[in-house]
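Overview (structure and organization)
One letter stands for each residue in the lines below.
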Amino acid sequence: MESLLKRDRLLIIAGLIGLTALAWGYMIHEASAMTLTGVCCCAGLKMSGPDTNAWSVATVVPLFLMWSEMMVAMMLPSAAPMILTFAMVNRKRREQEGPFVPAGIFALGYLAIWTAFSALAATGQWTLHGAALLSPVMASTSPFLAGLLLIVAGVFQFTPIKNACLAHCRSPLSFLLTDWREGTRGAFLMGLKHGAYCAGCCWILMALLFVVGVMNMWWVAIIAVFVLLEKIAPKELYLGKVAGALLVGWGAWIAIH
């Protein structure tokens with residue numbers, strides 16, 4: 001066990017890669033099945049399918065599971081720097097005879113926030129479908145709605161709350177040193193706090209899935225890569241600001257045409 005603990009960084013990296021690959025693999029499988037059969041088997045539970053018929057309230061459950069696995073696939077890689085930094089600080093404390101807390105507890109708190117977001121997203125998708133604002137591939141049928149989502153997402157890139165949340169995500173060591181809490185409960189609460197900052201930074205980007213299609217894997221991948229790059233790219237690149245301007249322009253073009 002002591003030998004394994006000394007390799008905790010490799011174990012954590014392997015775990016993050018494994019969970020992310022599993023989520024992506026299953027999500028791609030579901031998207032392929034939907035394309036071939038026209039039936040959405042969200043997280044193993046068949047729903048009435050991506051059609052224009054009304055969905056029952058029970059449909060929210062498979063939608064929630066679909067969004068949950070999607071958030072694991074999209075957001076866990078971007079949380080890797082924070083989780084690995086948590087493991088490093090935890091290792092140093094253990095060497096100084098401090099308490100040991102698995103990094104998985106921290107990650108569990110982080111994913112709990114995105115699970116809560118998944119419930120809101122699933123409810124939102126169910127509502128949009130009921131209002132006939134989603135196509136059979138779960139994309140917006142309203143140019144106004146699609147344009148509005150893009151413009152709001154673009155404008156949000158320039159807001160103080162976006163800058164504050166992004167600054168937190170870019171400074172994992174600073175967060176852990178100033179907000180460290182002891183014990184398992186403390187690690188979970190730290191994960192919750194980091195997840196809240198991350199959700200505050202990226203929530204509107206997730207809503208952009210309704211523009212091209214919730215199960216459009218290329219669009220999902222583009223957003224996931226952007227979320228990761230925005231957190232690790234140098235501030236001098238102004239990646240978020242450039243993307244914000246492009247999103248506003250794209251949204252205005254869609255709304256006008």
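Notes on the structure in this doc start here. All values derive from a computational prediction rather than experimental measurement.

Reading the values: rules and limits
What you see as residue numbers is a count from 1 along each chain, following the sequence as written. Confidence filtering applies because this is a predicted model: local features only for residues at pLDDT of at least 70, side-chain atom pairs given and counted only at 80 or more, and all residues used for totals across whole chains, interfaces and linings. The side-chain quantities take in all heavy atoms of the structure and omit both hydrogens and water. Helix numbering and strand numbering both begin at the N terminus, where a helix is a DSSP run of H or I of at least 4 residues and a strand a DSSP run of E of at least 2. Throughout this description, buried means an accessible area under 20% of the type-specific maximum (1.4 Å probe, protein chains only), exposed means over 50%, and partly exposed covers the range between. A contact between two residues is defined here by any heavy atoms of the two lying within 4.5 Å. Per-residue and other accessible areas were derived by the Shrake-Rupley procedure at a 1.4 Å probe size, with only the shown protein chains allowed to occlude residues. We define a polar contact as two N or O atoms separated by no more than 3.5 Å, with the added condition that, inside protein, one atom must be a possible hydrogen donor and the other a possible acceptor, whereas residues neighbouring each other in sequence contribute only through side-chain atom pairs. Ring pairs are drawn from Phe, Tyr and Trp, using the six-membered ring of Trp, whenever the two centres fall within 6.5 Å, and their geometry is named by plane angle: stacked under 30 degrees, edge-to-face over 60, tilted for the rest.

1. Some remarks on the overall build of the protein
Broken down by element type, the protein carries eleven helices and two strands. Along the protein, helices and strands appear, N-terminal first, in the series α-α-β-β-α-α-α-α-α-α-α-α-α. In the protein, which comprises 257 residues, the share counted as buried stands at 46%. In the protein, of all internal contacts separated by at least 6 residues, the share reaching a separation of at least 24 is 73%. In the form shown here, the protein has an accessible surface area of approximately 12600 Å², with 72% of it arising from carbon and sulfur atoms.

2. Observations concerning the environment of Gln 157
Along the chain, Gln 157 falls in the loop between α5 (143-156) and α6 (160-170). A sequence separation of 83 residues divides Gln 157 from Gly 240, and the C-alpha atoms of the two residues are 6.0 Å apart. Filtering out sequence-adjacent residues up to four positions away, Gln 157 remains in contact with Lys 162, Asn 163, Leu 205, Phe 226, Glu 230, Gly 240, Lys 241 and Gly 244. Within polar-contact distance, the side chain of Gln 157 engages the backbone oxygen of Gly 240 at 3.2 Å.

3. What about the packing of aromatic side chains?
For the coordinates displayed, the defined rule picks out six aromatic pairs. Centroid distance Phe 86 to Trp 180: 5.2 Å. Interplanar angle 20°. Geometry classified as stacked. Remark: Trp 180 occurs in the loop between α7 (172-178) and α8 (183-207) and Phe 86 occurs in helix α3 (residues 60-95); sequence separation between them is 94 residues. Taking relative accessible area as the criterion, Trp 180 reaches 19% and is therefore assigned buried.

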